[in-house]
Amino acid sequence: MKYLTTFLFITLLAIGCAGESDTEQQSAEFSGEGVEVEGAWARPASEGRMSAAYFLISNFNDSDDQLIGVESDVAQLVEIHESYEREEGMMGMREVPEVDLPSQSTVRFQQGGLHIMLIQVTRTLADGDTFELTLHFDNSESQTIEVPVRL
Amino acid sequence: MKIKNLFYIAILISTLFMLQACSSPALDDYSDVQFELTDQNGELVTFPDDFEGSPVVMGFIYTHCPDICSFITSNVKKVYEEIDNPSDTKFLLVTFDPERDTPEVLKNYAQAFDMDREPFHFLTGDSETIDRFMERVSVRVQESYSREVESGDRMYFLNHTDKILLINKNSELIFDYGGSMTPVNIITEDLQKLL
């Protein structure tokens, strides 16, 4: 029986590792104020093409919040998107109307997951450039952040 | 049969699978095919003939995809940067969106990633050739949704297989990875075995 238990434990561990979430509930050491955005960066792109921006959003408030919109003059369309695995090895992308920011948690916008889609950038974004991106929240004030472009 | 025996049989089968993986038998052989493609400089390229004699790292992308495909492109570049002796290896990125990804578009894309240089080759072709190529390498593509942009143009996005392949000097497919998900060091270690 102990062999079966070991086998089941390893299997469950493997399944658990595969299901990494974009949202992390934080520990008691998690400290800050309001909603904070950090670690922003974006992919290079030539004018008229696509780019994607990534960052971490931490909600230090005692109440939940939502990211409800994004805007920038660096692209014709700026949207919240998510890449996801539709089926074995097949990747898709979909628009996300809003992103939940639970109280005392961090949401990761990262490659292969949530990202800000910059459709048809209005100027070439080269390694080392920066641009402004404004984030709108449901219960907090909007924030304009500087996003560096890097490879 | 006792559970203990079943456990030993499961271990034996797993070990056999692992041994098979270690010996790296060819998953496919491309030496009998020929695809006429065009690189980012407008030069005609024949796959696999023009690359025979070199290991090949090959990813599949479309340039209107900013997330997964840029991840794949970046991973191919990282393999080049991390390998000890990359001079003999060729690095290919083949588009499955030839309608929009012309050689000029691929050249701009390559420049954005600082990859418009040897040993990187960004390849496109006519739609019929690309369709046959993608079928041969088991890359599936389907339109997901579209948007109308300010100019009135329709912009479409694609669902697609996420893949990087490792091909040996004899044009045999040896390894097949999730293109955006596989740690670069795993691809690099496997590539070292082919040099």
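The numbers attached to residues start from 1 for each chain and follow its sequence in the written order. Going through the entries in the order they are written, you letter the chains from A and number the ligands from 1. The predicted nature of this model means local features are confined to residues of pLDDT at least 70 and side-chain atom pairs, given and counted, to a pLDDT of 80 or more, with totals for whole chains, interfaces and linings taken over all residues. Each side-chain value is worked out from all heavy atoms of the structure, with water and hydrogens disregarded.

## Re the overall build of chain B
Alright, step 1. For helices the rule is a DSSP run of H or I covering at least 4 residues; for strands it is a run of E covering at least 2, with both sets numbered from the N terminus onward. When you go through chain B residue by residue, the secondary structure sums to five helices and 10 strands.
Alright, step 2. Buried, partly exposed and exposed residues are distinguished by accessible area as a fraction of the type maximum, computed with a 1.4 Å probe on protein chains only: under 20%, between the cut-offs, and over 50%, respectively. The burial tally for chain B puts 52% of its 195 residues in the buried class.
Alright, step 3. In what follows, a contact means two residues having at least one pair of non-hydrogen atoms within 4.5 Å. Taking as baseline every contact in chain B between residues at least 6 positions apart, the subset at least 24 positions apart corresponds to 68%.
Alright, step 4. All accessible-area figures derive from a Shrake-Rupley calculation using a 1.4 Å probe, and residue coverage is judged against the displayed protein chains alone. As presented, chain B carries roughly 9100 Å² of accessible surface, and 50% of it is formed by carbon and sulfur atoms.

## Considering the pairing of strand 2 (residues 35-39) of chain B
Residues and elements named next belong to chain B.
Alright, step 1. When you tally the buried positions in strand 2, you get four out of five residues, the bulk of the element.
Alright, step 2. One bridge is not enough; two strands pair if DSSP finds at least two bridges between them. Hairpin connection from strand 2 to strand 3 (residues 44-47): four residues lie between these consecutive antiparallel strands, with G42 at a positive phi of about 85°.
Alright, step 3. With two bridges joining them, strand 2 and strand 6 (residues 120-124) adopt antiparallel strand pairing. When the bridges of strand 6 are listed, D39 appears paired with L123.

## Thoughts on the pairing of strand 6 (residues 90-95) of chain A
Alright, step 1. For strand 5 (residues 75-87) of chain A and strand 6 of chain A, the ladder comprises six bridges, and the chain directions are antiparallel. Each bridged residue has a counterpart across the sheet, and for S83 of chain A the counterpart in strand 6 of chain A is M93 of chain A.
Alright, step 2. In textbook terms, the turn of a hairpin is the stretch between consecutive antiparallel strands, and for strand 5 of chain A and strand 6 of chain A this stretch comprises two residues, one of which, G89 of chain A, has a positive phi near 75°.
Alright, step 3. Taken together, the two bridges between strand 6 of chain A and strand 8 (residues 154-161) of chain B define a ladder with antiparallel strand orientation.

## Structural notes on the packing of helix 2 (residues 68-82) of chain B against helix 5 (residues 184-194) of chain B
Axes are the key here: two packed helices are described by the angle between their axes and the distance separating the axes.
Residues and elements named next belong to chain B.
Alright, step 1. The axes used here are C-alpha line fits, helices contributing only the stretch in contact, and every angle between their N-to-C directions lies in the interval 0 to 180 degrees. Contact geometry for helix 2 and helix 5: axes closest at 9 Å, N-to-C directions at 55°. By the angle between their directions, the pair helix 2 and helix 5 is classed as oblique. Crossing of helix 2 over helix 5 shows right-handed handedness. Within the contact between the two elements, helix 2 uses N75, K78, V79 and E82 and helix 5 uses V184, N185, I187, T188 and L191.
Alright, step 2. When grouped by side-chain class, the residues that make up the contact of helix 2 with helix 5 number four nonpolar, three polar and two charged. Angle categories: roughly parallel below 35 degrees, roughly antiparallel above 145, roughly perpendicular from 65 to 115, and oblique for all the rest. Should the near helix be turned anticlockwise from the far one by less than a right angle, the crossing is termed left-handed; should it be turned clockwise, right-handed. Under this grouping Gly is polar, as are all residues other than the nonpolar Ala, Val, Leu, Ile, Met, Phe, Trp, Tyr, Cys and Pro and the charged Asp, Glu, Lys and Arg.

## Side note on the pattern of salt bridges
Residues and elements named next belong to chain B.
Alright, step 1. Think of a salt bridge as a Lys or Arg side-chain nitrogen and an Asp or Glu carboxyl oxygen that are within 4 Å of each other. Evaluated as defined, the whole model comprises 13 salt bridges over all chains.
Alright, step 2. Across the pair R132 and E128 runs a salt bridge whose closest N-O atoms are separated by 2.9 Å. With R132 and E128 both in helix 4 (residues 127-136) and four residues apart, this pair spans about one turn of that helix.
Alright, step 3. Here the salt bridges do not stand alone but share partners, grouping D28, D32 and R136 into one network.

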